[in-house]
Amino acid sequence: MPPTLASLVHHSALKLTVRAGEDRLDVPVRWAHVSELADPVPYMEGGELLLITALKLDAEDPEAMRRYVKRLVGAGVVGLGFAVGVNYDDIPEALVDAARKEGLPLLEVPRRTPFLAISKAVSAAIAADQYRAVTAGFAAQRELTKQALTHGPEGLLAALAAQVDGWAALYDASGAVVATAPEWAGRRAARLTPDVERLRERPAPASSVVGGPDNEDRVELHTLGTGRRPRAALAVGTAAALGTAERYAVHSAIALLTLTTERSRSLHAAEQRVGTAVLRMLLAGEPDHARAVAGDLYGGLLDAPFRVIVAETVAVSGSATAALAAVENPPKAAPAAKPSAAVLAAASDPDGDPLGALAEIVESAAARAGEAVLVVPDGERLVVLAADGGAAVTACADYATALEAARSGGAVREKAPGEEDELVVGLSAPAGPIAAAAAYKQAEQALSVARRRGRVFVEHERLASGSVLPLLADDAVRAFADGLLRPLYEHDATGRGDLVASLRAWLSRHGQWDAAAADLGVHRHTLRYRMRRVEEILGRSLDDPDVRMELWLALKATSAE
């Protein structure tokens, strides 16, 4: 412990006597300072024992001493040492009364005790306390290292909690609690997840101090990792501020956990190379070889139906995105739970890496659920194999939904046209290893539809359950429709008959003359004449089903404008 006024009073060589403030002697002393200034406050930092002889003070003036002592207390001075036998044979009562009223400990320093002896005693006690702290810190570092090597992060957290006499928790990159020590701290740590997620938004390394839930304790949060985006976070909860030894222990834990996360990063890169080989074998139609290479790492994933996710970023203008998005309603699939703050932050970060954020979210969700997931960066794409109905697929849908909501709500910063990189994701139907190539193709098709519609996320299974009509919103389809129907529109513009409306009615009635004529309010012979004129103008036969199909789709495409 640092020196206190009580320890100086009990120092046998100093012979100090307490004249006021007897109940406040347990205050730590940061330093002993000598000053004969009438106002030494500008030179105080707080925590000092001020030593005086009252050379320039009117120590017998009650009002002057009241003001003097009040300013010292306001500056954080913890004690006043008065040397007797120099300028005053005894401490004046005015100073004693002022010290008592303000609660400032007042120590009488005998003539034979030089101020230098007091300063040396304080300095020696501070040095001894620092040495003890450093020694304890090194011992804690050895213990934390031992636990990390023998029992992993869980053992390290347990040792750290014991060192700081509190609790510790480890969070993954998404802000979810991975491990706590002791076990009872799990709920407390989980309630701090929003604070951890906010900390992740700051450049690494970052730290913050927050009040514990319901003001239960003081919690320090630290990010872990050497990259721009933190790989994990550490929380340390204690009843009071950390001392020097405890601070050494926390810093050692941060260093060890950072090494652990970076080592995991290297292992992750190696696993990713294995995953790339497994994916290539599956797409090449070699499921047996893929299963052999996957081993225990991805073998479980290939034993049950999985889904293929293909994601990429595309550069589109904000106006084009808005036009395409207006063609369809928002996606009907709703997330199983409200997206976390980490998901929302990643979705609304205009300068972030959408593919990297998606990979991180999917992997974190799979890790928390104990699922195997195969994540493979493939050039400008990200390919994921995830268990059907599992947490990884749900997390992907949640992220896409949050991203689409952030865009539509204006949460994403505006960029110049043609400069906006947007994430698009395609999800296949459930498949097994034999049908992996087909599933990949389905994901690509869903990705293409998402890109064309200006959507973030499209599921292949939902394409067949919807309508083909939204696909007609493509500019190329509209250009074809305009070119095909232009002669008819030009004919109608001259007032020589309503061929476009007649063609639409006839096609909608499947070529039934009487029904179509009734809809138009004309004679069936008039309708027959108009259809002959359509054939003459277009140079196509309406007896050809392909021609009828093209004309109907062209009419639907132009009517959607």
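Structure first, text after, so check above.
Criteria and cut-off values
Residue numbers restart at each chain and count upward from 1, following the sequence in its written direction. Only residues with pLDDT of 70 or above have their local features reported here, since the model is predicted, and side-chain atom pairs are shown and tallied only from 80 upward, although totals for entire chains, interfaces and linings are computed over all residues. Excluding hydrogens and water, the side-chain figures rest on all heavy atoms present in the structure. The helix count covers DSSP runs of H or I at least four residues long, the strand count covers runs of E at least two residues long, and both are numbered beginning at the N terminus. Each residue is placed in one exposure class: buried if its accessible area under a 1.4 Å probe, protein chains only, is under 20% of its type's maximum, exposed if it is over 50%, and partly exposed if it falls in between. Throughout, the Shrake-Rupley method with a 1.4 Å probe supplies accessible areas, and for residues the shown protein chains are the sole cover considered. Each salt bridge in this description consists of a side-chain nitrogen of Lys or Arg and a carboxyl oxygen of Asp or Glu lying within 4 Å of one another. At least two bridges found by DSSP between two strands are what make those strands a pair. An axis is simply a line fitted to the C-alpha atoms; with a helix, the fit covers only the stretch in contact. Between two such axes, the angle follows the N-to-C directions and lies from 0 to 180 degrees. Contacts were defined at the residue level, with two residues in contact if any of their heavy atoms lie within 4.5 Å. Oblique is the label for any angle not under 35 degrees, not over 145, and not in the 65 to 115 range, which are roughly parallel, roughly antiparallel and roughly perpendicular in turn. As a working rule, the residues Ala, Val, Leu, Ile, Met, Phe, Trp, Tyr, Cys and Pro are called nonpolar, Asp, Glu, Lys and Arg charged, and the rest polar, with Gly in that last group. Any pair of N or O atoms that falls within 3.5 Å is considered a polar contact. Within protein, one atom must be able to donate a hydrogen and the other to accept it, and sequence-neighbouring residues count only if both atoms are side-chain atoms.

1. A short note on the overall build of the protein
In terms of helices and strands, the protein carries 19 helices and 15 strands. Among the 561 residues that make up the protein, the fraction classed as buried is 45%. Accessible area for the protein stands at about 27800 Å²; split by element, carbon and sulfur atoms hold 53% of it.

2. Side note on the pattern of salt bridges
Considering all chains together, one arrives at 22 salt bridges under this definition. The closest approach of N and O atoms between Asp217 and Arg188, which form a salt bridge, is 2.8 Å. You can see Asp217 sitting in the loop between strand E8 (207-211) and strand E9 (218-224) and its partner Arg188 sitting in helix H5 (residues 186-190), a full 29 residues away along the chain. Across this residue pair, the class does not change: Asp217 and Arg188 are buried. Here Glu461 makes a salt bridge to Arg307, at a shortest N to O gap of 3.2 Å. Note that Glu461 is positioned in helix H14 (residues 460-465) and Arg307 in strand E11 (residues 306-316), a separation of 154 residues in sequence.

3. A closer look at the sheet that holds strand E2 (residues 31-34)
Pairing within the open sheet is mixed, and its 5 strands lie in the order E1-E5-E4-E3-E2. The sheet is open, and its two borders are formed by strand E1 (17-20) and E2, each paired with just one other strand. In this sheet, adjacent strand axes meet at a mean angle of 30 degrees when their direction is disregarded. Where helix H4 (residues 115-164) meets the sheet, it contacts E2, strand E3 (48-52), strand E4 (79-83) and strand E5 (106-109), and its direction lies at approximately 160 degrees from that of E2.

4. Some points on the packing of helix H16 (residues 499-508) against helix H18 (residues 524-538)
Helices that pack against each other are described as a pair by the angle of their axes relative to one another and the distance between those axes. Packing of H16 against H18 leaves a shortest axis separation of 10 Å and a crossing angle of 105 degrees. Accordingly, the angle class assigned to the pair H16 and H18 is roughly perpendicular. When H16 is examined against H18, the residues Leu499, Ser502, Leu503 and Trp506 are found in contact with a partner set consisting of Leu527, Arg530, Met531, Arg533, Val534 and Ile537. Taken together, the residues of the contact of H16 with H18 sort by class into 7 nonpolar, 1 polar and 2 charged.

5. Examining unusual backbone geometry
Ala181 connects to Pro182 through a cis peptide bond whose omega is -10 degrees. Within the chain, Lys15 stands out as a residue other than glycine whose phi angle is a positive 60 degrees. Positionally, Lys15 belongs in the loop between helix H1 (5-9) and E1. What makes Lys15 partly exposed here is its relative accessible area of 45%. Backbone geometry places Ala54, a non-glycine residue, at a positive phi of 65 degrees.

6. What to know about H16
Summarising burial for H16: 7 of the 10 residues are buried, a large majority. Looking only at H16, the buried set comprises Leu499, Val500, Ser502, Leu503, Ala505, Trp506 and Leu507. The opening residue of H16 is Asp498, an N-cap whose side-chain oxygen sits 3.3 Å from the backbone nitrogen of Ala501.

7. So, the pairing of strand E10 (residues 232-238)
Of all the 7 residues making up E10, 7 are buried; the element is thus mostly covered by neighbouring parts of the structure. Here E10 shows two buried faces, one formed by Ala232, Leu234, Val236 and Thr238 and the other by Ala233, Ala235 and Gly237. Taken together, the 5 bridges between strand E6 (residues 167-171) and E10 define a ladder with antiparallel strand orientation. Looking at the pairing, Leu170 lines up with Leu234 of E10. Pairing of E9 with E10 involves 7 bridges; the strand directions are antiparallel. When the sheet's bridge partners are listed, His222 is paired in E10 with Leu234.

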